[in-house]
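Residue-level listing of the chains:
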Amino acid sequence: MLQLNPPLPMNTPKGEGFAHFLIDYGPESDLYWTVFITATGEIWTFANREVRASKNITLGRTAPSSPRPAQPRRPAAEGHATGVLPFNVAESQG
């Protein structure tokens, strides 16, 4: 986990805000940004694919794309509400 100093302005699915923390769980996981939403004061954590850097004319970023909420990576298994797929556990041979 990295505390950003200064916080970075970000566009999120919940509106504009400032990212205060960056969380990296390793090479097989997305980066996660903890953003304080300006309009509401809410604190949300978003996957990297859900956020965009805010407009910055000096850097030539005049119209960043709007982020969309991320789609689940895999469909929910039948009878399960989450995206976690069940697996079979072999019965012990005794």
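All figures in this text were calculated on a predicted structure; none of them were measured in a lab.

**Observations regarding the overall build of the chain**
Check the secondary structure of the chain and you find zero helices and five strands. Its helices and strands in sequence order give the chain the pattern β-β-β-β-β, from N to C terminus. By the burial criterion, 21% of the 94 residues in the chain qualify as buried. Of the contacts formed within the chain by residues at least 6 apart in sequence, a portion of 21% connects residues at least 24 apart. Only carbon and sulfur atoms are counted for the fraction: they give 54% of the accessible area of the chain, which is about 7400 Å².

**A short note on the environment of Gln3**
Residue placement: Gln3 occurs in strand E1 (residues 2–12). Look at Gln3 and you get exposed, because its relative accessible area is 58%. Ignoring sequence-local partners within four residues, the contact set of Gln3 consists of His20 and Phe21.

**Describing the side chain of Thr34**
As for its placement among the helices and strands, Thr34 is situated in strand E3 (residues 31–37). Engagement of the side chain of Thr34 in a polar contact is seen with the side chain of Thr45, the distance being 3.1 Å.

**Brief notes about the side chain of Thr12**
Inspection of the secondary structure assignment puts Thr12 in strand E1. The exposure class of Thr12 is buried, given its relative accessible area of 7%. A polar contact is formed between the side chain of Thr12 and the backbone nitrogen of Lys14, at a distance of 3.0 Å. Here Gly15 takes part through its backbone oxygen, which lies 2.6 Å from a polar atom of the side chain of Thr12.

**A word on the environment of Leu8**
When you line up the elements, Leu8 lands in strand E1. Note on Leu8: relative accessible area 36%, which makes it partly exposed.

**What about the nonpolar core?**
One finds Leu4, Met10, Ala19, Leu22, Trp33, Val35, Ile37, Phe46 and Val51 forming the largest nonpolar core, which totals nine residues. Counting residues per element, the ones that place at least two in this core are E1, strand E2 (15–24) and E3. When residues of this core are assigned to their parent elements, the largest contribution, three residues, is made by E3. Contacts of Trp33, omitting those with residues within four sequence positions, involve Leu4, Leu8, Met10, Ala19, Phe21, Leu22, Trp44, Thr45, Phe46, Asn48 and Val51.

Definitions and cut-offs
Residues numbered from 1 in each chain as written. Predicted model: local features only at pLDDT ≥ 70, side-chain atom pairs only at ≥ 80, totals over all residues. Heavy atoms only, no water. Helix = DSSP H or I, 4+ residues; strand = E, 2+ residues; numbered from the N terminus. Buried < 20%, exposed > 50% of the residue type's maximum accessible area, 1.4 Å probe, protein only. Contact = heavy atoms within 4.5 Å. Areas by Shrake-Rupley, 256 points an atom, 1.4 Å probe, with all protein chains shown as cover. Polar contact = N/O pair within 3.5 Å; in protein donor to acceptor, adjacent residues only side chain to side chain. Core = buried A, V, L, I, M, F, W, Y, C linked by side-chain atoms within 4.5 Å.

Take it as geometry only, folks, not as evidence of what the structure does.
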